[in-house]
Amino acid sequence: MAILSPSSSVSKEPLSFPLSIQGSNSKYLSLREQTIFGAKGKLGAFEQTQLKLYNDSNYSGLKMKASRDPSWLISEIKSDKLESPATKSDTDLFDEMKQRFLSFKKHKYIENLEHFQNLAKGQAPKFMVIACADSRVCPSNILGFQPGEAFMVRNVANMVPSYESGPSETNAALEFAVNSLKVENILVIGHSCCGGIRALMSMHDDVETSSFIGSWVVVGMNARLRTKAAASNLNFDRQCRHCEKESVNCSLGNLLTYPWIEEKVRNGELSIHGGYYDFIDCTFEKWTLDYKASNLKEESRKVAIKNKTFWC
């Protein structure tokens, strides 16, 4: 059993998030996955997609300054979006959405009517999933969760605030999932190229901000400090990658600040897991918190892990 030390190596430059600086064009392979009920799901074809990648040199003059202007956190970062050959109207977009819904109703809902009728009476998910709001990392698509299998909350950078931080939508969801639904597993999923983590890593240690983004990502300040201490010799992009995994572990430690979570973990009624999805090469890392080996008395809440696996 060992304290998790996230890998700081990376084989490819990460793709951009809305909080990134525009650079040169490049290609990547994106995996289109078709998920259906049961074990008959098949992976679709790879397709070439044009994306813009950011360039390290563009960050050489980046300076983040706090002010009363909420835009300070992203004032020097430009949005980087996929180029589309044609812009669809709202009508076209909702027509496509309608067709997807009707397809769902025909091929999933009606064909599994008994299952959905049971769900109408109540839910009993085995998992509570905390994931990022990023549009590229939907847990249901990536991990194949079907309706009724996972209670989910998604926020910027998949962070879990500590119990002492006060009410939030994340700990409200945790309270319901653990105490009412009695889930058996909590899974916190981080991911590559996370804009929230880039915002966190771009902040100064003594920053005070009125920005909604800045006020939220400071939840992961311990992950930032640990990353700066362990990976200061790496470039900014690799530090962000390190912090993406370190932030997951900080969230695992924060979960144990909730008395009703800590009690269930101690009694073996609840397990806490971390995950990391790299959508550049479509790999997934999963690990489990080792409660007995973790040092939870210190303020830093260092966690130990076990059963680390790599899916590729």
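Analysis parameters
- Residues numbered from 1 in each chain as written.
- Predicted model: local features only at pLDDT ≥ 70, side-chain atom pairs only at ≥ 80, totals over all residues.
- Heavy atoms only, no water.
- Patch = residues over 30% accessible without salt bridge, like charges linked within 9 Å, V, L, I, M, F, W, Y side chains within 5 Å.
- Areas by Shrake-Rupley, 256 points an atom, 1.4 Å probe, with all protein chains shown as cover.
- Salt bridge = Lys/Arg side-chain N within 4 Å of Asp/Glu carboxyl O.
- Helix = DSSP H or I, 4+ residues; strand = E, 2+ residues; numbered from the N terminus.
- Buried < 20%, exposed > 50% of the residue type's maximum accessible area, 1.4 Å probe, protein only.
- Contact = heavy atoms within 4.5 Å.
- Phe/Tyr/Trp six-rings, centres within 6.5 Å; stacked < 30°, edge-to-face > 60°.
- Lys NZ or Arg CZ within 6 Å of the ring centre and 35° of its normal.
- UniProt positions renumbered as here; feature names shortened; annotations may be inferred.
- Core = buried A, V, L, I, M, F, W, Y, C linked by side-chain atoms within 4.5 Å.
- Pairing = 2+ DSSP bridges.

### Things to note about a nonpolar patch on the surface
Here is step 1 of the chain: Residues Phe101, Leu102, Phe104, Tyr109, Ile110 and Leu113 make up a contiguous nonpolar surface patch of about 520 Å² in total accessible area.
Here is step 2 of the chain: A total of four residues in the nonpolar patch trace back to one element, the largest contributor, which is helix H1 (residues 90-109).
Here is step 3 of the chain: Tracing the chain through its elements places Phe101 in helix H1.
Here is step 4 of the chain: Overall, the relative accessible area of 48% leaves Phe101 in the partly exposed class.

### Focus: the side chain of Glu262
Here is step 1 of the chain: Within the secondary structure, Glu262 is located in helix H9 (residues 259-266).
Here is step 2 of the chain: Relative accessible area serves as the criterion here: at 17%, Glu262 is assigned to the buried category.
Here is step 3 of the chain: The residues contacting Glu262, other than those within four sequence positions of it, are Leu256 and Tyr291.

### Quick look at the packing of aromatic side chains
Here is step 1 of the chain: Evaluated as defined, the whole model comprises eight aromatic pairs.
Here is step 2 of the chain: Seen from their ring centres, Phe104 and Phe116 are 5.8 Å apart, and the 90° between their planes marks the pair as edge-to-face. With Phe104 in helix H1 and Phe116 in helix H2 (residues 113-119), the pair connects residues that are 12 residues apart, well separated along the chain.
Here is step 3 of the chain: When the ring of Tyr109 is compared with that of Phe116, the centres are 5.0 Å apart and the planes differ by 40°; the resulting orientation is tilted.
Here is step 4 of the chain: Taking relative accessible area as the criterion, Tyr109 reaches 31% and is therefore assigned partly exposed.
Here is step 5 of the chain: Within the aromatic cluster, the residues linked to one another by ring pairs are Phe104, Tyr109 and Phe116.
Here is step 6 of the chain: A cation over a ring is seen here: Lys245 above Tyr276, with NZ or CZ 4.9 Å from the ring centre.

### Brief notes about the UniProt feature "binding site: Zn(2+)" (unreviewed entry) in the protein chain
Here is step 1 of the chain: Mapped onto the present numbering, the UniProt feature "binding site: Zn(2+)" (unreviewed entry) falls on Cys132, Asp134, His191 and Cys194. Separation in sequence by 63 residues is not matched in space for these annotated residues, since their most distant C-alpha atoms are only 9.2 Å apart.
Here is step 2 of the chain: Assignment of secondary structure puts Asp134 in the loop between strand S4 (127-132) and helix H3 (139-143).
Here is step 3 of the chain: The exposure class of Asp134 is buried, given its relative accessible area of 3%.
Here is step 4 of the chain: Relative to the elements of secondary structure, Cys194 occurs in the loop between strand S6 (185-191) and helix H5 (195-202).

### Quick look at the pattern of salt bridges
Here is step 1 of the chain: Evaluated as defined, the whole model comprises 10 salt bridges.
Here is step 2 of the chain: Between Asp134 and Arg136 there is a salt bridge, with its nearest N and O atoms 2.7 Å apart.
Here is step 3 of the chain: For Arg136, a relative accessible area of 28% corresponds to the partly exposed category.

### Some thoughts on the nonpolar core
Here is step 1 of the chain: Within the largest apolar cluster, 28 residues are counted, with the highest numbers of intra-cluster contacts made by Met128, Leu174, Ile186, Leu255 and Ile261.
Here is step 2 of the chain: The dominant element in this core, judged by the number of residues it contributes, is helix H4 (residues 169-180), at four residues.
Here is step 3 of the chain: If we skip the residues at most four places from it in the chain, Leu174 touches Met128, Ile130, Val160, Asn179, Ile186, Leu255, Tyr258, Trp260 and Ile261.
Here is step 4 of the chain: One finds Ala157, Met159, Met221 and Cys240 within the second-largest nonpolar core, a separate group that totals 26 residues.

### Side note on the pairing of S4
Here is step 1 of the chain: Taking burial as the measure, the six residues of S4 include five buried ones, the bulk of the element.
Here is step 2 of the chain: Direction of pairing for S4 relative to strand S5 (residues 150-155): parallel, over a ladder of six bridges. Note that in S5 the partner of Phe127 across the bridge is Ala150.

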